[in-house]
Structures are given as structure tokens and as C-alpha cells.
Amino acid sequence: MSLGSPRRRLDDPAAMRAFAHPVRLALHELLLRAGPTTAADAARETGISQALASYHLRQLARYGFVEQAAARDERERPWKVTERVQEWDDGAREPGHSAARSLLEQVMAERALARLAEWGERRQEEPEPWHSIGGIGTFYLHATPEEVAAVSAAIAELVEPLMARVGDPAAQPDGARPVLLTQVLVPLPPTGSGG
């Protein structure tokens, strides 16, 4: 499957641990949503100091998640994301890789749950049809690893055209706004009866 969004395969545990920082994830998301952004603007948007934003942007750049963008003038130093999608696997179970992956997934899950709680607090203020969108849906499946991989690939293919709009405001239809879609696939242990 070859999807069009620029993507990066994370296979370096140090890069995974560097990305697994709440401030860095917030800055990366801001750059995805807003496009090229200076450290000063990023600091205002995320509610941190400019020095802290600069530090974390440099750390993201060190590991290849962001890079300097073209500036409109000499004083401006905007940053942009290098790829919109990061993917990772178990790295052939190399030492340290599994722990780094677990840390990154835990921080991302915590961030998604915090976003869900924020949505719950402001949902009543949202106009229809946004008011009724969002939340959690749970499906219990009995599937093989190949079937789960196929479901994940089908979801990725389905959202690809919507992801492509992130970097192109002209392609975003009226009424479009940022939406966080977090995919969580958790293989459960079988019960005594095998189910």
C-alpha cells in the first residue's frame, strides 16, 4: 500500500523517545495544523515560553521531525514538519525498541484521552452537526493478525484524501476543521474458552 502523505518509518528508539514528549507532540501537531510557524507563534499557541518552544523545536529538528521553512523576511525563522505521518513497528524486537514504542504509544494515548475530555467539556457549545460528532466507538472482533492489518490499511486508505488537505488550505471545503482520529488496536488475551 502506497499512500500519498509524506510518511516516516520510526525505527530509532532515541527518535521515538524524543518524539514521546507531550510538548513536542503539541508543537508537531500545531505545525501540522497551522503550517510553517515561528517559535514565538508556537509558544503563544501552546501556552509555553518562547525559549521552551525553541528548545523543543530544535529537539524535533535534531531527530528529523521538523525543519526550518522558507521565511518571509530575515527576522522570521519558521519551522515546518518533514512528514505528516509517523509509523513504527516492533523493530524486530531489538533491545530498547519495544520500550521506546510503548512510551510513545502511551504518551500519544494520554494526549488523545485528554483531547477527548476537552471535547466533552465543550461539546454542548458546538453547533450542529459538530455537536453530535466525536467520542469513542468500540468494536470487539475475532480476527487474525492479517485481518487486523487489513482493517488498519483500509482505514488509512479511507482517510488519506482527508489527510492530504492538511497541508493545502485551498483544498479544504467550507466547514472543514481539524479533527483528531486516533486508532487504537489492542489484541486481547484469549479467555479460557478461546474467545
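Fair warning: this is a prediction, and the values are worked out from it, not measured in the lab.

Chemist: Talk me through helix H5 (residues 97-122); I want residue IDs and the actual numbers.
Modeler: Compared with the 38 Å implied by 1.5 Å per residue over 26 residues, the 38 Å span of H5 between its first and last C-alpha is a close match. For H5, the full list of buried residues reads His97, Ala100, Leu104, Val107, Ala112 and Trp119.

Chemist: Give a detailed account of the environment of His142, specifying residues and quantitative values.
Modeler: Structurally, His142 is set in the loop between H5 and helix H6 (145-164). When its relative accessible area of 68% is taken as the criterion, His142 is described as exposed.

Chemist: Tell me about the pattern of salt bridges, residues and numbers included.
Modeler: Tallied over the entire structure, the rule returns twelve salt bridges. For the salt bridge of Asp41 with Arg44, the shortest nitrogen-to-oxygen distance reads 2.2 Å. Residue Asp41 and its partner Arg44 are both found in helix H3 (residues 39-46); the two are separated by three residues, about one turn of the helix. What makes Asp41 partly exposed here is its relative accessible area of 33%. Judged by its relative accessible area of 60%, Arg44 falls in the exposed class. Ionic pairing is found between Glu67 and Lys80, a salt bridge with its closest N-O pair at 3.5 Å. One end of the pair, Glu67, is in strand S2 (residues 66-68); the other, Lys80, is in strand S3 (residues 79-81), with 13 residues separating them in the sequence. For Glu67, a relative accessible area of 37% puts it in the partly exposed group. On the basis of relative accessibility, which here comes to 32%, the residue Lys80 falls in the partly exposed class.

Chemist: Tell me about the layout of surface pockets, residues and numbers included.
Modeler: A volume near 210 Å³ is recorded for the second largest pocket. In terms of lining residues, the second largest pocket is bounded by 13 residues, among which Ala26, Leu30, Glu45, Thr46 and Arg115 are the most central. Within the residue set of the lining of the second largest pocket, elements represented by two or more residues are helix H2 (22-34), H3 and H5. A class-by-class count of the residues in the lining of the second largest pocket yields five nonpolar, two polar and six charged.

Chemist: Account for the packing of aromatic side chains, with residues named and values stated.
Modeler: For the structure shown, the criterion picks out one aromatic pair. Ring centres 4.2 Å apart and planes at 10° place the aromatic pair Phe19 and Phe65 in the stacked group. Here Phe65 lies in the loop between helix H4 (50-62) and S2 and Phe19 lies in helix H1 (residues 13-19), a separation of 46 residues in the sequence. Comparing Phe19 with Phe65, the two get one shared label, buried. Between Arg8 and the ring centre of Phe65, over which it is positioned, the NZ or CZ distance is 4.3 Å. Sitting over the face of the ring of Trp130, Arg177 holds its NZ or CZ atom 4.6 Å from the ring centroid.

Here is what the cut-offs are and how they apply
Residues numbered from 1 in each chain as written. Predicted model: local features only at pLDDT ≥ 70, side-chain atom pairs only at ≥ 80, totals over all residues. Heavy atoms only, no water. Helix = DSSP H or I, 4+ residues; strand = E, 2+ residues; numbered from the N terminus. Expected span 1.5 Å × (residues − 1). Buried < 20%, exposed > 50% of the residue type's maximum accessible area, 1.4 Å probe, protein only. Salt bridge = Lys/Arg side-chain N within 4 Å of Asp/Glu carboxyl O. 1 Å grid on protein atoms, 1.4 Å probe; cavity = no way out; pocket = protein on both sides within 12 Å on 5 of 7 lines; lining within 4 Å. Points joined across faces, edges and corners; volume = space filled by probe spheres on them. Nonpolar A, V, L, I, M, F, W, Y, C, P; charged D, E, K, R; others polar. Phe/Tyr/Trp six-rings, centres within 6.5 Å; stacked < 30°, edge-to-face > 60°. Lys NZ or Arg CZ within 6 Å of the ring centre and 35° of its normal.

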